[in-house]
Amino acid sequence: MKIIARIRDRDPLCVICKAKGLIARTEIIDHIVSLADGGTDDDDNLQGVCKDCSDQKTEEEAARAQGRTPGALIKGKGTGRNGRPTSPDHPWNRRA
Ligand SMILES: [Zn+2]
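About the cut-offs
- Residues numbered from 1 in each chain as written.
- Predicted model: local features only at pLDDT ≥ 70, side-chain atom pairs only at ≥ 80, totals over all residues.
- Heavy atoms only, no water.
- Helix = DSSP H or I, 4+ residues; strand = E, 2+ residues; numbered from the N terminus.
- Buried < 20%, exposed > 50% of the residue type's maximum accessible area, 1.4 Å probe, protein only.
- Contact = heavy atoms within 4.5 Å.
- Areas by Shrake-Rupley, 256 points an atom, 1.4 Å probe, with all protein chains shown as cover.
- pLDDT = per-residue confidence, 0-100.
- Donors = N, O, S within 2.8 Å, 3.2 Å for Na, K, Ca; no water.
- Tetrahedral: all angles 85-135°; square planar, octahedral: opposite > 155°, others 65-115°.
- Salt bridge = Lys/Arg side-chain N within 4 Å of Asp/Glu carboxyl O.

### A closer look at the overall build of the chain
At step 1: Along its length, the chain carries three helices and two strands.
At step 2: Counted from the first residue to the last, the chain has its helices and strands arranged as α-α-β-β-α.
At step 3: Residues classed as buried in the chain amount to 27% of the 96 residues present.
At step 4: In the chain, 36% of the contacts between residues at least 6 apart in sequence involve partners at least 24 apart.
At step 5: Approximately 6900 Å² of the chain is accessible, and the part contributed by carbon and sulfur atoms is 54%.

This is how it looks when you write it as structure tokens:
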């Protein structure tokens, strides 16, 4: 069986969404540690994710590689390390 089919079979739902209690269909096979960061093509380093999570992870990796702050590229879309939105405009970050 091809790697992609095998991971899709193992992770039919986006593992990142699942960790947040959400349900989204796996659309993309993602490297947990990107190849650029020394990751491998082993099953252990692969996970099924939805497109939104893949896009966000890709952006964060690119931002890190360039020394930028994750979330700075698309304003109001990023989340910090604690999972809270980084945008000051987000209601969670607005002071009452
Ligand atoms: Zn997802």
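There's more to say after this.
### A few points about the confidence of the model for the chain
At step 1: The pLDDT averaged across the chain works out to 86; a share of 88% of its residues lies at or above 70.
At step 2: Mean pLDDT values over the elements of the chain span from 91, in helix α3 (residues 51–65), up to 98, in strand β2 (residues 46–49).

### What to know about the coordination of the zinc ion
At step 1: The zinc ion binds to the protein through Cys 14 (SG), Cys 17 (SG), Cys 50 (SG) and Cys 53 (SG), with metal-donor distances spanning 2.3 Å.
At step 2: Angles of 105 to 116° at the metal separate the four donor atoms of the zinc ion, which places the site in the tetrahedral class.
At step 3: The sequence pattern formed by the donor residues of the zinc ion is C-x2-C-x32-C-x2-C. Placement of Cys 14 in the loop between α1 (3–10) and α2 (15–19) and of Cys 53 in helix α3 is noted, with a sequence separation of 39 residues between them.
At step 4: Judged by relative accessible area, which is 0%, Cys 14 ranks as buried.

### Comments concerning the pattern of salt bridges
At step 1: Across all of its chains, the model carries five salt bridges by this definition.
At step 2: The residue Asp 11 makes a salt bridge to Arg 10 at a minimum N-O spacing of 3.1 Å.
At step 3: Residue classification places Asp 11 among the buried positions, given a relative accessible area of 9%.
At step 4: A salt bridge links Asp 55 to Lys 51, with the shortest nitrogen-to-oxygen separation between them at 2.9 Å. Highlighted residues: Asp 55 and Lys 51, both in helix α3, separated by four residues, approximately one helical turn.
At step 5: Salt bridges linked by common partners bring Asp 30, Lys 57 and Glu 61 together as one network.

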